[in-house]
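Each chain, written out:
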Amino acid sequence: MTTLTRRNMLAAGTALPFVGLAAGAARAEAPMKGASFASHRRFMIGDFEVTTILGGTTPRENPQGIFGMNVSEEEFATVSEENFLSTEASQFFFTPTLVNTGSELVLFDTGLNAAATLSAIEGAGYSADQVDVVVLTHMHGDHIGGLMNNGGPTFANARYVTGQVEFDHWAAAENDGFEANVRPLADQMTFIGDGNDVVSGITGMAAFGHTPGHMVYRLDSADKGLVIFADLANHPVWSLARPDWEVRFDADKEAAAASRRNVLGMIAADRVPAIGYHMPFPAVGYVDTGSNDAEFQWVPEAGQLMG
């Protein structure tokens, strides 16, 4: 047994700083890992299991060239600064959603391309052949880009559902993306309108404006609800909070603003969670009434759906 003396204690004390330096040096050798991001988020809505998947993300320069095109540069800058946003660039997210009803796996939108969407689906624990229904909220390229893969359907076992108005518009538009990705699947499609069901508990709602037949979808299961609002609002501050701010990608800007106000008002009044295709990932949150110059407020989910 070692006897502690004043000399022993002084010797031990002088050694401690060198022990700390050695440990610090060892920790510093751990390699940098680079930025990382979760690729899916899963939760329950009643008896439905909902999974948002990150199908891609990319920066875009000059955000006022996309959002708030009808407001002054000064107003845009002020709102951006108040919300910690850069006026130089904005980050875009692309978020398809999977809903497992217990009897069918339903995929809402297919992302930019098959490779990225399949990677996200597989990362969430599913495979393409497990998808029973593919729902197209509208037919912009970042929603239909994953429908086909190497000349064939990406989701070989699926049937397809989309809005009749949306399909009819693009079918007459001579659009290359539609012709390559949607036209080959037309015989396997069911066309719906406002108030029609995809499957029991999933109902389509007209929200025209972003495109001529853009639709959002309401989920209802075991007294719980959720709204998948697709591209109704493409940014939490520059679009959702200010429905009248014009968005470059909206085909009919007046109709798009009216749809935003109508659907967002419903979500806020019903106090149900929502998923927005371009909201910051995992793209899940709530809509509340706003304050000051904001008509609405996006409130990111903060654990309420973990139970």
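Our structure is the block above this text.
Please read all numbers here as calculations on a predicted model, not as lab measurements.

## What about the nonpolar core?
Consideration 1: Of all hydrophobic cores here, the largest spans 42 residues; its most connected members are V99, V198, I202, F229, L240 and I267.
Consideration 2: The residues touching I202, leaving out its near neighbours within four places in the chain, are F48, V99, T101, V106, F108, N196, D197, Y217, R218 and L219.
Consideration 3: Counting 27 residues, the second largest nonpolar core, distinct from the first, contains V131, M139, M148 and M189.

## A word on the pairing of strand β7 (residues 133–136)
Consideration 1: Here β7 shows no split at all, with V133 and V135 on one side and V134 and L136 on the other all buried.
Consideration 2: As paired strands, strand β6 (residues 105–108) and β7 are joined by 3 bridges and run parallel to one another. Directly across from V106, in β7, lies its bridge partner V133.
Consideration 3: Where β7 and strand β10 (residues 159–163) come together, 4 bridges link them in parallel fashion. Pairing of V134 across the sheet is with Y160, part of β10.

## A look at the packing of aromatic side chains
Consideration 1: Taken as a whole and assessed by the stated rule, the structure comprises 12 aromatic pairs.
Consideration 2: Relative to F93, the ring of F37 has its centre 6.1 Å away and its plane inclined at 25°; by these criteria the two rings are stacked. Remark: F93 occurs in strand β4 (residues 89–94) and F37 occurs in the loop between α1 (6–28) and β1 (40–45); sequence separation between them is 56 residues.
Consideration 3: On the basis of relative accessibility, which here comes to 52%, the residue F37 falls in the exposed class.
Consideration 4: Of the aromatic side chains, those joined through ring pairs into one cluster are F67, F76, F92, F94, W238, W245 and Y277.
Consideration 5: The ring of W245 is capped by R242, whose NZ or CZ atom sits 5.5 Å from the centre of that ring.

Rules used throughout
- Residues numbered from 1 in each chain as written.
- Predicted model: local features only at pLDDT ≥ 70, side-chain atom pairs only at ≥ 80, totals over all residues.
- Heavy atoms only, no water.
- Core = buried A, V, L, I, M, F, W, Y, C linked by side-chain atoms within 4.5 Å.
- Buried < 20%, exposed > 50% of the residue type's maximum accessible area, 1.4 Å probe, protein only.
- Contact = heavy atoms within 4.5 Å.
- Helix = DSSP H or I, 4+ residues; strand = E, 2+ residues; numbered from the N terminus.
- Pairing = 2+ DSSP bridges.
- Phe/Tyr/Trp six-rings, centres within 6.5 Å; stacked < 30°, edge-to-face > 60°.
- Lys NZ or Arg CZ within 6 Å of the ring centre and 35° of its normal.

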